[in-house]
Amino acid sequence: MVERNKPMTKEISPTFCPYPWVHLHAWPEGKAMLCCIAHGGENGGEVGDFSKNSYAEIMNSDKMKQVRLDMIAGKRLPQCYPCYQHEDLGVESYRQRVIKHYDDHLEKLLDITLEDGTITKVYMTHMDYRFSNLCNLGCKTCGSPLSSTIANSVADQNEINYLRERGVLSERETITSFIFKRPEFMEVDVYPYINENLRSFYFAGGEPLIMPEHSMILDYLIETKQFDKQICYSTNLTTLKWKGKDFLEIWKNFSKILWICSIDGIHDKLQYIRRGSKHDTVFANLDKLIEMKENNPDKNYRVSICYTHSIYNAYDTGEFVRYLDENGYVDKLDEFILNYAYSDINSVAILPDYAKKELKEKRHADMQTPWMKRFFDKFPGTEHSFKQVDAVIDTEINPDMIYHFKRFQERGSYDKFNSALPWLSSVINGLEKNDKVY
């Protein structure tokens, strides 16, 4: 066993995280990661392959044993750079939040750790499998690995060949899932770990509410009377029913649910950024979740919005907040998460200098509005994240990227782009006139 001195919370290293002892995250093609944001390092943070190996096998693989030893020694892991990046900016990281959540559990983790990094007991406290890329939307800031809609519209032959060789494509080659390669997955790596050790689930996608594995897990929890598990969703909120299942009724069985609703704008902007969504449907479903929370004060139900900040909606964030404020959502929401879009092509950093100047002026003016001040009073953590966008804007990125972005829009519904996002459209359409701004 690894030697240690009590109390544990005073001796854990500055890079320690509980997850490599009790959790793995899976992507649709089978890539195993330390958690859902640990995408740094080789092959996007890969530490194993669920299409080939079980949870228990990956947890005690040579790579995972070394991960644990490096964390105990205080070394920075390449997979975990997103957390280090936040910590270096003075922002609380996911790692730090997890440590708080597992404060009563830390001593046990080192008790089961041998000198070579092997853990003597393999169990799970948090389940987060992206079972497939099945999704009914084609969001601009997403990609084919997490959206079957995008995968089917893009039809990249190299990607199809890669997934076909891995054996993780459906027969019609429209959906990616490692479960196609391991049909025993639910019996081996899901149901056995839903026990007294498991604290929480995170269902995301794709769109989790249309995935059969999600429904199977809820059925199993009801069958085994495990109603006290924390359930968290990241959902596009386009539906609350699927194939005869009314999730509003099913959820009444459970006592702790957090709905993270992915909403990146309103009206035409929302429908352009999140292709396939409808403003009226999304906000009607948001109202239903809020009503369910308010009608069940004895349960720990929470409703939040996750706003993915990108080049598409950066100029209009103030208008989005104003809509939330004027329609009463600011008072009713429990949390607001401002997320930064992945990929350089989605970043405000690729804007030409004159557009960056306009964007900063607009953002700073928005911050002085009464609705934005009320918003920041309710969600002070979001104010810090919002201010950090200036640093993102100033990031140096290949200046040619904005022209790639323009070509990407031209391949789609360019008329809708022009009408839904007029400021960004004016920037893109004016590139030739300002081609010396870099």
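First, a word on what this report is: a plain description of the structure on this page. Quantities reported herein were computed from a predicted structural model and do not represent experimental measurements.

Counting its regular elements, the protein contains 22 helices and 13 strands. The C-alpha radius of gyration of the protein comes to 22 Å, within 12% of the 22 Å expected for a compact globule of 438 residues. With the principal axes as the frame, the protein shows a C-alpha extent of 65 × 50 × 50 Å. Expressed as a percentage of the 438 residues in the protein, the buried residues total 55%. In the protein, the share of contacts with a sequence separation of at least 24, taken over all contacts with a separation of at least 6, comes to 73%. Total accessible area computed for the protein in this model is approximately 19800 Å², and 49% of it derives from carbon and sulfur atoms. Charged side chains in the protein number 55 positive and 64 negative. The centres of these two groups are separated by 2 Å.

To continue, consider the side chain of Arg166. Within the secondary structure, Arg166 sits in helix H8 (residues 157–166). Discounting chain neighbours no more than four positions away, the residues touching Arg166 are Glu29, Gly30, Lys31, Asp49, Ser51 and Lys181.

Bringing the nonpolar core into the picture now. Among the nonpolar cores identified, the biggest contains 98 residues, and Trp251, Phe283 and Leu286 are the most heavily contacted of them. Sort the elements by how many residues they give to this core and helix H13 (residues 279–295) lands first, with 6 residues. Apart from the residues within four sequence positions on either side, Phe283 is in contact with Ile263, Gly265, Ile266, Leu270, Phe320, Tyr323, Leu324 and Tyr329. In terms of nonpolar packing, the next biggest core, distinct from the first, is built from 25 residues, Ile311, Ala314, Ile397 and Leu431 among them.

Scanning the model with the defined rule gives 24 salt bridges in all. Arg182 is the salt-bridge partner of Asp189, the closest N and O atoms lying 2.9 Å from each other. Given the relative accessible area of 1%, Asp189 is considered buried. Exposure remark for Arg182: the relative accessible area of 5% places this residue in the buried category. Note that Asp325 is salt-bridged to Arg374, the shortest N-O span being 2.6 Å. Taken together, the residues Asp325 in helix H14 (residues 317–326) and Arg374 in helix H17 (residues 370–378) connect sequence positions 49 residues apart. According to the relative accessible area criterion, Asp325 is buried, its value standing at 18%. The partly exposed category is assigned to Arg374, whose relative accessible area is 41%. Here the residues in one salt-bridge network are Asp62, Lys65 and Asp116, joined through shared partners.

Cut-offs applied
- Residues numbered from 1 in each chain as written.
- Predicted model: local features only at pLDDT ≥ 70, side-chain atom pairs only at ≥ 80, totals over all residues.
- Heavy atoms only, no water.
- Helix = DSSP H or I, 4+ residues; strand = E, 2+ residues; numbered from the N terminus.
- Rg over C-alpha atoms; globule rule 2.2 N^0.38 Å.
- Buried < 20%, exposed > 50% of the residue type's maximum accessible area, 1.4 Å probe, protein only.
- Contact = heavy atoms within 4.5 Å.
- Areas by Shrake-Rupley, 256 points an atom, 1.4 Å probe, with all protein chains shown as cover.
- Lys, Arg positive; Asp, Glu negative; His and termini not counted.
- Charge placed at Lys NZ, Arg CZ, Asp CG, Glu CD.
- Core = buried A, V, L, I, M, F, W, Y, C linked by side-chain atoms within 4.5 Å.
- Salt bridge = Lys/Arg side-chain N within 4 Å of Asp/Glu carboxyl O.

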